[in-house]
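Reading the structure
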Amino acid sequence: MINAFKDGTPTEGGTPYSAEVMNALLSLQSFSLVYEGTQVDAKTGAGAYENNIANYNYAARFTLTGTTEISRVEMELDRDGEGVDLIVQIRDYTFDTILKQVVVPKEFIPNSAAYWSVPIDLTGLTANAQYWLVAVRAGDAVNKVDWIGEAVQDANYPAYYRAGDSGAWTANNALHFKVFSGESGELVHGIYGQNGHTTVEYDGEMVSKVYRYLPPADGPVGGIRDVMTYTWGGEYLKRGDV
């Protein structure tokens, strides 16, 4: 596990410059790579209905068709104002167990509605079973994220919302998402040190941007949230600008 530094926040070793913390930055870290993969389920459509995550938690059900792992998911999102960090969860069918939770920094979420990829790298699941993709409530009336969906419900892809952390869920109109599995196509994400992740964006076959997130030790706020834009000269990488 590695973390970003944060002003005034001591780390487990004492000061922010303890040997434990500094050596972690120099040591090899466990990592996993996530590729485009194969789409195993999705709910898409022409709808442009905005579901405000500042008001509710939202959940959409999907089926893990023919596989036992989720490499990544895509959600159609847009950001209003400064946005807010989006917490994405994969839950089992009962809703009781959170199998994976990932933070998407607000700086990475598109301003206009578009599909954004979220690294999951979750294995050991049950093929053809149903799971839930959840967006956790966060934000306010000005700075928020919308999960785009349809203006009607879809019995094959039920979705729900609720304001609190517990209690009954209420049926919602269908939400747009895609679920992927396997190793094929281009590299999309790297996950390192368990809690850091990168997202790679392409222009044709060339890498155009790399988004890198590493939270501090005391939670998801702050940390490293870099977006590096690459400049190419033909097939040669010339520079990267943050």
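The structure this text deals with has already been given above.
So, how was this worked out
- Residues numbered from 1 in each chain as written.
- Predicted model: local features only at pLDDT ≥ 70, side-chain atom pairs only at ≥ 80, totals over all residues.
- Heavy atoms only, no water.
- Helix = DSSP H or I, 4+ residues; strand = E, 2+ residues; numbered from the N terminus.
- Rg over C-alpha atoms; globule rule 2.2 N^0.38 Å.
- Buried < 20%, exposed > 50% of the residue type's maximum accessible area, 1.4 Å probe, protein only.
- Contact = heavy atoms within 4.5 Å.
- Areas by Shrake-Rupley, 256 points an atom, 1.4 Å probe, with all protein chains shown as cover.
- Lys, Arg positive; Asp, Glu negative; His and termini not counted.
- Charge placed at Lys NZ, Arg CZ, Asp CG, Glu CD.
- Pairing = 2+ DSSP bridges.
- Axes fitted to C-alpha atoms, helices over the stretch in contact; angles between N-to-C directions.
- Polar contact = N/O pair within 3.5 Å; in protein donor to acceptor, adjacent residues only side chain to side chain.
- Phe/Tyr/Trp six-rings, centres within 6.5 Å; stacked < 30°, edge-to-face > 60°.
- Lys NZ or Arg CZ within 6 Å of the ring centre and 35° of its normal.
- Core = buried A, V, L, I, M, F, W, Y, C linked by side-chain atoms within 4.5 Å.

Each helix and strand in the protein was counted, giving one helix and 18 strands. Relative to its length of 242 residues, the protein is compact, with a C-alpha radius of gyration of 19 Å against a globular reference of 18 Å. Dimensions of the protein along its principal axes, counting C-alpha atoms only, are 55 × 45 × 40 Å. When each of the 242 residues of the protein is scored for burial, the buried share is 46%. At a minimum sequence separation of 6, the contacts of the protein that also span at least 24 residues come to 69%. When the accessible surface of the protein is summed, it comes to about 12200 Å², and 50% of that surface belongs to carbon and sulfur atoms. For the protein, the centre of its 17 positive side-chain charges and the centre of its 31 negative side-chain charges are spaced 3 Å apart.

Right, let's get into the sheet that holds strand β9 (residues 130-135). A sheet is described by the order of its strands in space; here six strands give the open sequence β7-β6-β9-β4-β11-β12, paired in antiparallel fashion. Of all strands in the sheet, those bounded by a partner on one side alone are β7 (98-104) and β12 (170-172). The sheet shows a mean angle of 25° between the axes of neighbouring strands, taken without regard to direction. Sheet topology places strand β6 (residues 86-91) next to β7; six bridges connect them, and they run antiparallel. Bridge pairing links Gln 89 to Gln 101 in β7.

In this section: the side chain of Ser 71. Inspection of the secondary structure assignment puts Ser 71 in strand β5 (residues 70-80). Taking relative accessible area as the criterion, Ser 71 reaches 4% and is therefore assigned buried. Within polar-contact distance, the side chain of Ser 71 engages the backbone nitrogen of Ser 181 at 3.4 Å. Ser 71 has contacts with Val 34, Tyr 35, Pro 119, Ile 120, Asp 121, Phe 180, Ser 181 and Gly 182, leaving out every residue within four places of it along the chain.

Two numbers describe a pair of aromatic rings. These are the distance of the centres and the angle of the planes. Enumeration according to the criterion identifies 11 aromatic pairs in this entry. With a centroid separation of 6.1 Å and 65° between ring planes, the pair formed by Tyr 157 and Phe 177 is classed as edge-to-face. Residue Tyr 157 is located in the loop between β10 (144-149) and β11 (159-162), and its partner Phe 177 is located in strand β13 (residues 177-181); the two are separated by 20 residues in the primary sequence. A relative accessible area of 1% means that Phe 177 is categorised as buried. Here the aromatic residues Phe 62, Tyr 131, Tyr 157 and Phe 177 are joined through ring pairs into a cluster of three or more. The ring of Phe 180 is capped by Arg 72, whose NZ or CZ atom sits 3.9 Å from the centre of that ring. The lysine or arginine in question, Lys 178, covers the ring of Tyr 115, its NZ or CZ lying 4.4 Å from the ring centre.

What follows covers the nonpolar core. It is characteristic of soluble globular proteins that their nonpolar side chains tend to be buried jointly. Core analysis: the largest hydrophobic core is formed by 35 residues, its most contacted members being Phe 62, Ile 70, Met 75, Leu 86, Val 118, Leu 133 and Trp 147. Membership of the second largest hydrophobic core comes to five residues, among which are Ala 59, Phe 95, Trp 132 and Trp 169.

What follows concerns the side chain of His 189. Inspection of the secondary structure puts His 189 in strand β14 (residues 187-192). On the accessibility criterion, His 189 (0% relative accessible area) is buried. Polar side-chain contacts of His 189 include one of 3.1 Å to the backbone oxygen of Thr 198. For His 189, the side chain forms a polar contact with the side chain of Thr 199, separated by 3.1 Å. Not counting chain neighbours up to four residues away, the residues in contact with His 189 comprise Ser 32, Leu 33, Val 34, Arg 72, Ser 117, Val 118, Pro 119, Thr 198 and Thr 199.

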